[in-house]
Amino acid sequence: MAAIYQAVHRRASSLFCRFHSTYVKKMRYLNELKEDDDFCRQAQTSGTFYLFHNLSPFLQKVGKKYLLPQLSAAEMKRILEKMKETEQWIEKSVLIGCSDEHVPHFALDLGALEKSVIESELQGSFTDLRKALFVVDVKDSPLLASAQALLRWHESHQYCSKTGQPTQKNLAGSKRVCHASGITYYPQMSPVVITLVSDGSRCLLTRQSSFPQGMYTALSGFCDLGESVEEALRREVAEEVGLEVESFQYSASQHWPFPSSCLMIACHALVGGQQTEISMNSLELEEARWFGLEEVLEGLKRDYTSSKQDDGSFLPWFPPKQAIAHKLINEWVKQQTSRPT
Ligand SMILES: NC(=O)C1=CN([C@@H]2O[C@H](COP(=O)(O)OP(=O)(O)OC[C@H]3O[C@@H](n4cnc5c(N)ncnc54)[C@H](O)[C@@H]3O)[C@@H](O)[C@H]2O)C=CC1
Ligand SMILES: [Mg+2]
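Residues numbered from 1 in each chain as written. Chains lettered and ligands numbered in written order. Predicted model: local features only at pLDDT ≥ 70, side-chain atom pairs only at ≥ 80, totals over all residues. Heavy atoms only, no water.

Peer 1: Please provide a residue-by-residue account of unusual backbone geometry, values included.
Peer 2: Of note, the amide linkage connecting F258 to P259 takes the cis form, showing an omega dihedral of -10°. One non-glycine residue with positive phi stands out, namely N54, at about 45°. Tracing the sequence through the fold places N54 in the loop between β1 (48-53) and β2 (56-62). Phi at Q123 takes a positive value of approximately 55°, unusual for a residue other than glycine. With respect to the secondary-structure elements, Q123 resides in the loop between α5 (115-122) and β7 (125-126). Take Q123: its relative accessible area is 66%, and that puts it in the exposed class. (Helix = DSSP H or I, 4+ residues; strand = E, 2+ residues; numbered from the N terminus. Buried < 20%, exposed > 50% of the residue type's maximum accessible area, 1.4 Å probe, protein only.)

Written as structure tokens, this is what we have:
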């Protein structure tokens, strides 16, 4: 009965959808796949699959480029047969999007299978996300990051935290349910505020000891439970560098997969001209200092390799364009260079 209702509902929405834009139709389609297991199971037979192995994405190197191959359902079946595994593996995949033509995209972690066999069969390699994210085409990195984040969430939410019983994912992987307690778990992420503090003519960049040598970035911090974005921003700046924010402006946001699923909320903040002396929290930071425009422009031209000096020290460089910190720094430069002198 439920299946009939859903089929009728789908027919009605597809008629209604004739008047909708490609984007709206796509979002409605994805939502239906999340809500309806049978519909999603059927979609898996015509979808494409991105492969992971213990959360490392599968990449193919072609010339100097790293490609993110999508396997068809037929190719998936062939690989699974070759490994003497059943097609049921496909149901372990999670929905990560679809094309404008409604070809659904799934991500599947084959971590329990022999890595080298898959790699040689498909002529590529499973690559750590910390590398993969920065070598694939920039337009592919958000997809890679969110696919891995969803797979990671499922991997670490196999059991109900109330009953200890196994939880079960819906077909699309948009939730997990504990049938013993009836609790539904949804994928989670932690909000993080990232702030580029400026005193009007300089910006404040910091280093943690765990960063690659020479890399400086904007201040960041996890939001505490119950805090608003503006409260978290003011607290983090006060905690980490001892300054009081006068005003701030939202810039953009980004999903970030490290350490696991952060929602980065990026802002520009101003501190008063009278109040620019940094008092760094050395438990959290290794260095925090003001950078002038010239130094920022020089830093933007460097990366890890080119910043290394003959004596082994590193000149400052900043996060690559995949990271929202890069956007904040570029925006600050634009604002400085467009100001009337
Ligand atoms: N995409 C980008 O451009 C950038 C991203 N980031 C990301 O922002 C994240 C947070 O920045 P931090 O300055 O390290 O934060 P932070 O200043 O809040 O300090 C991290 C510490 O906060 C605690 N903490 C509180 N809530 C936590 C939670 N939900 N998850 C993990 N730890 C929590 C832990 O003790 C941890 O060691 C980093 O993991 C980093 O990957 C940071 C800078 C640039
Ligand atoms: Mg921090």
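Anyway, onward from the coordinates.
Peer 1: Tell me what's going on with the domain arrangement of the protein chain, and back it up with residues and numbers.
Peer 2: A common measure of how large an interface is: the accessible area buried when the components associate. Structurally, the protein chain comprises domain 1 (36-156), domain 2 (157-188) and domain 3 (190-338). Taking the mean C-alpha position of each, domain 2 and domain 3 sit 37 Å from one another. (Domains from an automatic or database assignment.)

Peer 1: Go over the coordination of the magnesium ion (ligand 2), please, and point to the residues and values.
Peer 2: Around the magnesium ion (ligand 2), the protein contributes the donor atoms S220 (O) and E240 (OE), at 2.2 Å from the metal centre. In this pair, S220 is assigned in strand β13 (residues 219-222) and E240 in helix α8 (residues 229-241), connecting sequence segments 20 residues apart. (Donors = N, O, S within 2.8 Å, 3.2 Å for Na, K, Ca; no water.)

Peer 1: Describe the nonpolar core, and please don't skip the residues or the numbers.
Peer 2: Residues L144, I194, L196, L205 and V296 are the most contacted members of the largest nonpolar core, which totals 41 residues. When residues of this core are assigned to domains, at least three fall in each of domain 1 (36-156) and domain 3 (190-338). Dropping the residues within four chain positions of it, I194 is found in contact with A218, L219, S220, M264, I265, A266, C267, I324, A325 and L328. Y29, A43, L71 and I118 belong to the second largest nonpolar core, which has 28 residues in total. (Core = buried A, V, L, I, M, F, W, Y, C linked by side-chain atoms within 4.5 Å. Contact = heavy atoms within 4.5 Å.)

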